[in-house]
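The chain contents come next:
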Amino acid sequence: MEASETEIIETADSLKEKGNDCVRKQNFKEAIVFYSEAIRKAENENGHILYSNRSLAYLKNKEYYYALADAEKVIEIAPEYIKGHFRRAEGNYLLLLDL
């Protein structure tokens, strides 16, 4: 597939970086959009990192159920990746506080 001059094809990495920039600016809703698109394009490469990043954005946006679902996905993909376990614990804690 060739891209025309006006068409911009973004990679999962560039979308991840845009998501990271949004998190730094505390624009969590937009970060979720970028991470979601990156997940769709990632083809399982570093998927656990993308799900972990989106989980953080969901946590910061107080969308705890979605944050927990992403944390569980991180653990499923890469059980050795400690941030998945941390995100799940943080999500469970914040969910309890929110009840």
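Given the structure is predicted, the values throughout are model-derived calculations rather than measurements. (Residues numbered from 1 in each chain as written. Predicted model: local features only at pLDDT ≥ 70, side-chain atom pairs only at ≥ 80, totals over all residues. Heavy atoms only, no water.)

### A short note on a negative patch on the surface
A contiguous patch of negative charge, built from Asp13, Glu17, Glu43 and Glu45, is present on the exposed surface. Relative to the helices and strands, Glu45 is located in the loop between α2 (28-41) and α3 (47-60). (Patch = residues over 30% accessible without salt bridge, like charges linked within 9 Å, V, L, I, M, F, W, Y side chains within 5 Å. Areas by Shrake-Rupley, 256 points an atom, 1.4 Å probe, with all protein chains shown as cover. Salt bridge = Lys/Arg side-chain N within 4 Å of Asp/Glu carboxyl O. Lys, Arg positive; Asp, Glu negative; His and termini not counted. Charge placed at Lys NZ, Arg CZ, Asp CG, Glu CD. Helix = DSSP H or I, 4+ residues; strand = E, 2+ residues; numbered from the N terminus.)

### Some words on unusual backbone geometry
Backbone phi values are negative for most residues with the exception of glycine, while trans is the configuration of most peptide bonds. In the Ramachandran plot, Gln26 falls in the positive-phi region, its phi being about 60° despite a non-glycine side chain. The phi dihedral of Lys62 is positive, around 60°, even though this residue is not glycine. With respect to the helices and strands, the residue Lys62 is situated in the loop between α3 and α4 (64-77). Residue class for Lys62 comes out exposed when judged on its relative accessible area of 63%. (Buried < 20%, exposed > 50% of the residue type's maximum accessible area, 1.4 Å probe, protein only.)

### Points about the nonpolar core
Counting residues in each nonpolar core, the largest one holds 22 residues, and the members touching the most others are Val23, Ala31, Tyr35, Ala38, Leu50 and Ala57. Excluding its chain neighbours within four sequence positions, the residues that come into contact with Ala31 are Gly19, Cys22, Val23 and Ala57. (Core = buried A, V, L, I, M, F, W, Y, C linked by side-chain atoms within 4.5 Å. Contact = heavy atoms within 4.5 Å.)

### Focus on a nonpolar patch on the surface
Side chains of Tyr65, Leu96 and Leu99 sit close together on the surface and give an oily, nonpolar patch of about 440 Å² of accessible area. For Tyr65, the position within the fold is in helix α4.

### Remarks on the side chain of Ser36
Tracing the sequence through the fold places Ser36 in helix α2. Overall, Ser36 belongs to the buried group, its relative accessible area being 11%. Within the structure, the side chain of Ser36 is placed 2.8 Å from the backbone oxygen of Ile32, a separation counted as a polar contact. At a separation of 2.9 Å, a polar atom in the side chain of Ser36 contacts the side chain of Arg54. (Polar contact = N/O pair within 3.5 Å; in protein donor to acceptor, adjacent residues only side chain to side chain.)

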